[in-house]
Amino acid sequence: MPLSPPSSPVSFDLVVVGAGGGPDETNLSAYLVKPHDAEWEDGILALEAGSGQGTLAQLLRKNPHLFLNPVNSEGSITKMYSASDIYSFVRCFLVTHAHLDHINSLVVSAGSLRGCRKRVYGLKQTLQDLELAFSDRLWPNLASWKEKDDEIKLLYSALIPDGKYKVVCPKIAVQGMPLNHGRNTLGGQHTSTAFFIRHEPSLREFLFFGDVEPDSITNEPQTINVWRIAAPKIPDTLSSIFIECSWPSGRKDDLLFGHLTPEHLGNELSALATEVVKYRHSSQHSEGRRRPARKKQKRNSLTSADLKDALAGVRIFIIHCKDEMNGDLDRPIRDLIVEQVRRIVEERGLGAQVLLAKQGTRIGTSGYLFRTI
């Protein structure tokens, strides 16, 4: 049954197989997504693949009803599934970047996946990086670019960041946008991805971030481009955002390694709020002055008062918190990070609700949280 009533129609069901950013290898980035109006066996989008079948099997031992809908369309109780069953329903994988905490289970399980041949979607650079794993050196080559290689289970399918949506699964379309994710030891730029994931029948969507470096410390900001695309949709057709916050407050910028802290995430959400307010102002102006005229503001002159409640109706799900394994804290570090982010968002009056995407939970993408029976 639901923990709270939905603020808007639920378009997707999302199960959190893993939401951590390491080093706990049993809780790595992995989410299973289906349209809310479909059954799991109709086709699943595997969003990231850090943890996989082994972790899901453990979760199902704790909660065998995780994928259970109380009744199906015929009014009868739906069946319960094994982890192997669920992954056999996967039609495709969607990967933000090819770091191990996002692809581990995809590689290790490639030879044991049941069901249909499965496409692996990502930006071209992500898939080229993934080829290094499937190289017959680190792991057997179990993925191919060729449509006719039917005996090979995984099929690379590059997404072009051209502003267009591509249907990747029944009723699901995605648009990918590149993100900065810090620099490697040679000075090269790591690239990650933000995905807009849209329910085609309703055109409602949610936004999912891979690992992301703060725009404020990068040479070529890219997250602002994502916010500008998101702003016109908030909150009517886009009300859920999954975004990383790997570190707690106080970590120095030179030790971020392409990740966010609560302070940097607060700045990013303020940037989104700014774009939302700008869009609303421009929309009012384009209505043909049907509203009373207001004093024209200079570019970038918005104040904190202007941003108040700009993100009302939006739920921010915190993901990819780095585990503290030394036992120095009296509670999980992810709880501390969420508390820090929530406090910053409340102090800035942005109006968004800050939640933790917790392993083993099932989420509806209007922010609707489910407790399965």
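Bear in mind the structure is a predicted one, so any value in this text is a computation, not a measurement. (Residues numbered from 1 in each chain as written. Predicted model: local features only at pLDDT ≥ 70, side-chain atom pairs only at ≥ 80, totals over all residues. Heavy atoms only, no water.)

Asks: Residue-level account of the overall build of the protein chain, with values.
Replies: Along its length, the protein chain carries seven helices and 16 strands. Within the span of the protein chain, comprising 373 residues, buried residues form 53% of the whole. In the protein chain, the proportion of contacts linking residues at least 24 apart, taken out of those at least 6 apart, comes to 67%. When the accessible surface of the protein chain is split by element, carbon and sulfur atoms take 52% of a total near 17400 Å². (Helix = DSSP H or I, 4+ residues; strand = E, 2+ residues; numbered from the N terminus. Buried < 20%, exposed > 50% of the residue type's maximum accessible area, 1.4 Å probe, protein only. Contact = heavy atoms within 4.5 Å. Areas by Shrake-Rupley, 256 points an atom, 1.4 Å probe, with all protein chains shown as cover.)

Asks: Residue-level account of unusual backbone geometry, with values.
Replies: Put simply, G22 and P23 share a cis peptide bond, and its omega is 0 degrees. Along the chain, P23 falls in the loop between β1 (12-21) and β2 (28-35). For H320, which is not a glycine, the phi torsion comes out positive at approximately 65 degrees. Its location among the elements puts H320 in the loop between β13 (315-319) and α7 (333-347).

Asks: Summarise helix α5 (residues 223-230); cite the residues concerned and give the values.
Replies: Among all positions of α5, only T223, I224, V226, W227 and A230 are buried. For α5, the angular spread of buried residues about the axis comes to 155 degrees, placing them on one side. Taken together, the buried residues of α5 touch β9 (172-183), β10 (189-199), β11 (204-209), β12 (238-244) and α6 (262-286). (Arc of directions from axis to C-beta.)

Asks: Any details on the nonpolar core? Residues and values, ideally.
Replies: Nonpolar side chains in soluble globular proteins tend to be buried together. Formed by 39 residues in total, the largest nonpolar core has its most connected members in L207, F209, W227, I241, L311 and I318. Put simply, the parts of the chain that give this core at least two residues each are β9, β10, β11, α5, β12, α6, β13 and α7. When residues of this core are assigned to their parent elements, the largest contribution, six residues, is made by α6. Contact partners of L311, with chain neighbours within four places excluded, come to L269, L272, A273, V276, L350, G351 and A352. If you look at the next biggest cluster of nonpolar residues, it comprises 35 residues, including F89, L106, A110 and F134. (Core = buried A, V, L, I, M, F, W, Y, C linked by side-chain atoms within 4.5 Å.)

Asks: Mind laying out the sheet that holds β12, listing which residues take part and the relevant values?
Replies: Strand pairing in a sheet relies on backbone hydrogen bonds, with the paired strands running either antiparallel or parallel. Overall, mixed pairing links the seven strands, which are arranged β8-β9-β10-β11-β12-β13-β14 in an open sheet. In this open sheet, the two edge strands, each paired with only one partner strand, are β8 (166-169) and β14 (353-356). Neighbour to neighbour, the strand axes of the sheet diverge by 30 degrees on average, direction disregarded. Sheet topology note: the β9/β10 ladder contains 10 bridges and is antiparallel. By the bridge assignment for β10, L179 is matched with S192. (Pairing = 2+ DSSP bridges. Axes fitted to C-alpha atoms, helices over the stretch in contact; angles between N-to-C directions.)

Asks: With reference to specific residues and values, describe the pattern of salt bridges.
Replies: Opposite charge on two side chains allows them to pair when their charged atoms are near. Using the criterion set out here, one finds 11 salt bridges in the structure. Of the charged contacts, one joins D37 and K171 as a salt bridge, the two residues approaching to 3.5 Å between their closest N and O atoms. Residue D37 is found in the loop between β2 and β3 (44-47), and its partner K171 is found in the loop between β8 and β9; the two are separated by 134 residues along the sequence. Looking at K171, the relative accessible area reads 35%, which means it is partly exposed. (Salt bridge = Lys/Arg side-chain N within 4 Å of Asp/Glu carboxyl O.)

Asks: Requested: an account of a nonpolar patch on the surface, with residues and values cited.
Replies: A surface patch of nonpolar side chains, about 300 Å² in accessible area, is lined by V108, L138 and W139. If you trace the backbone, L138 turns up in the loop between α4 (124-131) and β6 (143-144). L138 gets classed as exposed once you look at its relative accessible area, which sits at 66%. (Patch = residues over 30% accessible without salt bridge, like charges linked within 9 Å, V, L, I, M, F, W, Y side chains within 5 Å.)

Asks: For the pairing of β2, give the residues involved together with the corresponding values.
Replies: Counting buried positions along β2 gives eight out of eight residues, so the element sits mostly inside the fold. Pairing of β2 with β3, which is carried by three bridges, proceeds in the antiparallel orientation. Paired with L32 across the strands is A46, a residue of β3.

Asks: Tell me about the side chain of D211, and please be specific about residues and values.
Replies: With respect to the element layout, D211 can be found in the loop between β11 and α5. At 5.9 Å, K322 is the nearest oppositely charged side chain to D211, a buried residue that forms no salt bridge. Of the polar contacts made by the side chain of D211, one reaches the side chain of H97; its length is 3.1 Å. Among residues more than four places away in sequence, those in contact with D211 are H97, D101, H102, L179, N180, H181, S192, E244, G258, H259 and H320. (Lys, Arg positive; Asp, Glu negative; His and termini not counted. Polar contact = N/O pair within 3.5 Å; in protein donor to acceptor, adjacent residues only side chain to side chain.)

Asks: Mind laying out the packing of aromatic side chains, listing which residues take part and the relevant values?
Replies: Inspection of every chain in the model, using the stated rule, returns 10 aromatic pairs. With a centroid separation of 4.9 Å and an interplanar angle of 80 degrees, the aromatic rings of W40 and F67 are classed as edge-to-face. Of this pair, W40 sits in the loop between β2 and β3 while F67 sits in the loop between α1 (53-62) and α2 (83-88), and the two are 27 residues apart along the sequence. Relative accessible area serves as the criterion here: at 3%, F67 is assigned to the buried category. (Phe/Tyr/Trp six-rings, centres within 6.5 Å; stacked < 30°, edge-to-face > 60°.)

Asks: Explain the pairing of β9 residue by residue, including any values.
Replies: For β9, a buried count of 10 out of 12 residues is recorded, marking the element as mostly surrounded by other parts of the structure. Bridging between β8 and β9 involves three bridges; their strand directions are antiparallel. Counted as the bridge partner of C169 is I172 from β9. The hairpin turn running from β8 into β9, its antiparallel successor, is two residues long, and K171 in that turn takes a positive phi close to 70 degrees. Where β9 folds back on β10, the antiparallel hairpin that results is connected by five residues, among which G187 adopts a positive phi of roughly 90 degrees.

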